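# A look at the structure
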Amino acid sequence: MTNALSPQDRAKYLASRAALADVTDGMKLGLGTGSTAAWLVKLVAEKCRIHGISVTCVPTSEATGALAQSLGLPLATLEETGTLDLTIDGTDEFDPALNLIKGGGAAHLREKIVALSSRRMVVITDATKESPQLGSFPLPLEVLDFGMSATVGHIRRALASQGLGDAKIEQRMKNGAPVRTDEGNAVLDAHLGAIPDPAALASALDGVTGLVEHGLFIGIAGKICFADLEGNALTIDKDGTRQQVVFNDGIDEDAFLARAQKG
Ligand SMILES: O=C(CO)[C@H](O)[C@H](O)COP(=O)(O)O
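This report concerns the structure included in the present document. Keep in mind that this is a model prediction, so the values were computed, not measured.

### Remarks on the overall build of the protein
From N to C terminus, the protein includes 8 helices and 16 strands. Against the globule reference of 18 Å for 263 residues, the protein gives a C-alpha radius of gyration of 18 Å, in line with a compact fold. Reported as C-alpha extents along the three principal axes, the dimensions of the protein are approximately 55 × 35 × 35 Å. Within the protein, the fraction of its 263 residues that count as buried is 52%. Sequence separation of at least 24 residues holds for 74% of the intrachain contacts in the protein that already meet a minimum separation of 6. Working note: accessible area of the protein is about 11300 Å², and carbon and sulfur atoms make up 51% of it. The average position of the 24 basic charges and that of the 33 acidic charges among the side chains of the protein differ by 2 Å.

This is the structure in structure tokens:
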């Protein structure tokens, strides 16, 4: 059954399973968005079922909330939980300092709010997302419709302050229509190629009115749970230490994957 997963999907599953070690009974847990986070949600439900533990979950998107609810995980809002113990989320790119580009699923606004409301953020990801310098993944920018062309002008000036004034900026579309976030806003993607100073760019973009949120997560992630396409799972700490993961979670992989792939 495990052979039914592509190498990348298996890496996403293994990275998510590595993060389960950080999930403990009674925790208030932020749940990320995307295909890797979907594995995590299924694995958290499995861990709760097997070990009889319970966690209160704050989802970062409507899609994640619906999946978590379908698996019986208790949901709450940030208003109800206050500070979360941990958020676990995917990424589109990460660098050696564990800075991230997120928002490929257009959820980076809620993802950043939830991560910044958490004591720790653990990132789950596969080898295709590792990068010596951020910028190969186009930077997602959630913007208001109102005054969008003026906002794009301000974004251009912020990019130019970082030597990135020539970047192509395009509105994200799907099936001929603008992509909408859960907040109903539009998403622009800035094709930067390489970001010389991600923290300085984040600060410059933070000052742009009309830009609701950008996808740079600077200094927020504390650990990466990572798996390569050969199926090796590792953790990567902020100081760059890499440790092989040995699974000791009681999960019956074949049975779990058979159920997970059914629905
Ligand atoms: O930031 C995100 C959504 O806004 C996701 O975490 C990111 O796009 C990674 O997605 P996937 O796990 O499907 O590769």
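The rest of the description comes next.
### Quick look at the sheet that holds strand 15 (residues 233–237)
Read from one edge of the open sheet, 7 strands run 2-1-3-6-14-15-16, paired in mixed fashion. If you trace the sheet from one side to the other, it starts and ends with strand 2 (56–59) and strand 16 (242–244), each paired once. Strand-to-strand twist of the sheet, defined as the mean angle between neighbouring strand axes without regard to direction, takes the value 25°. The pairing of strand 3 (residues 86–89) with strand 6 (residues 121–126) spans 3 bridges and is classified as parallel. By the bridge assignment for strand 6, D89 is matched with V123. Packing of helix 2 (residues 35–51) onto the sheet brings it into contact with strand 1 (28–31), strand 3 and strand 6, and relative to strand 6 it is tilted by some 115°.

### Examining the site of the ligand
Residues in contact with the ligand amount to 18 residues; listed here are only the nearest, S35, T36, D92, K102 and K129. Here K102 contributes a side-chain N or O atom positioned 2.8 Å from an oxygen atom of the ligand. Calculation on the ligand without its partners gives an accessible area of 370 Å², and the protein chains cover 91% of this total. Elements supplying a minimum of two residues to the shell around the ligand: helix 2 and helix 5 (108–116). Classifying every residue of the shell around the ligand by side-chain character gives 2 nonpolar, 10 polar and 6 charged.

### A short note on the environment of S118
Relative to the helices and strands, S118 resides in the loop between helix 5 and strand 6. C-alpha of S118 to C-alpha of I224: the two residues are 106 residues apart in sequence and 16 Å apart in space. Of the polar contacts made by the side chain of S118, one reaches the backbone oxygen of V114; its length is 2.7 Å.

### What about the packing of aromatic side chains?
Counted according to the given criterion, the structure contains 4 aromatic pairs. Plain terms: the ring middles of W39 and F256 are 6.3 Å apart, the flat faces sit at 50° to each other, and that makes the pair tilted. With W39 in helix 2 and F256 in helix 8 (residues 253–262), this residue pair connects regions lying 217 residues apart in the sequence. F256 matches W39 in its accessibility class, with the two residues each being buried. Lying across the ring of W39, K42 places its NZ or CZ 5.6 Å from the centre.

Scoring rules and cut-offs
- Residues numbered from 1 in each chain as written.
- Predicted model: local features only at pLDDT ≥ 70, side-chain atom pairs only at ≥ 80, totals over all residues.
- Heavy atoms only, no water.
- Helix = DSSP H or I, 4+ residues; strand = E, 2+ residues; numbered from the N terminus.
- Rg over C-alpha atoms; globule rule 2.2 N^0.38 Å.
- Buried < 20%, exposed > 50% of the residue type's maximum accessible area, 1.4 Å probe, protein only.
- Contact = heavy atoms within 4.5 Å.
- Areas by Shrake-Rupley, 256 points an atom, 1.4 Å probe, with all protein chains shown as cover.
- Lys, Arg positive; Asp, Glu negative; His and termini not counted.
- Charge placed at Lys NZ, Arg CZ, Asp CG, Glu CD.
- Pairing = 2+ DSSP bridges.
- Axes fitted to C-alpha atoms, helices over the stretch in contact; angles between N-to-C directions.
- Near = heavy atom within 4 Å.
- Polar contact = N/O pair within 3.5 Å; in protein donor to acceptor, adjacent residues only side chain to side chain.
- Nonpolar A, V, L, I, M, F, W, Y, C, P; charged D, E, K, R; others polar.
- Phe/Tyr/Trp six-rings, centres within 6.5 Å; stacked < 30°, edge-to-face > 60°.
- Lys NZ or Arg CZ within 6 Å of the ring centre and 35° of its normal.

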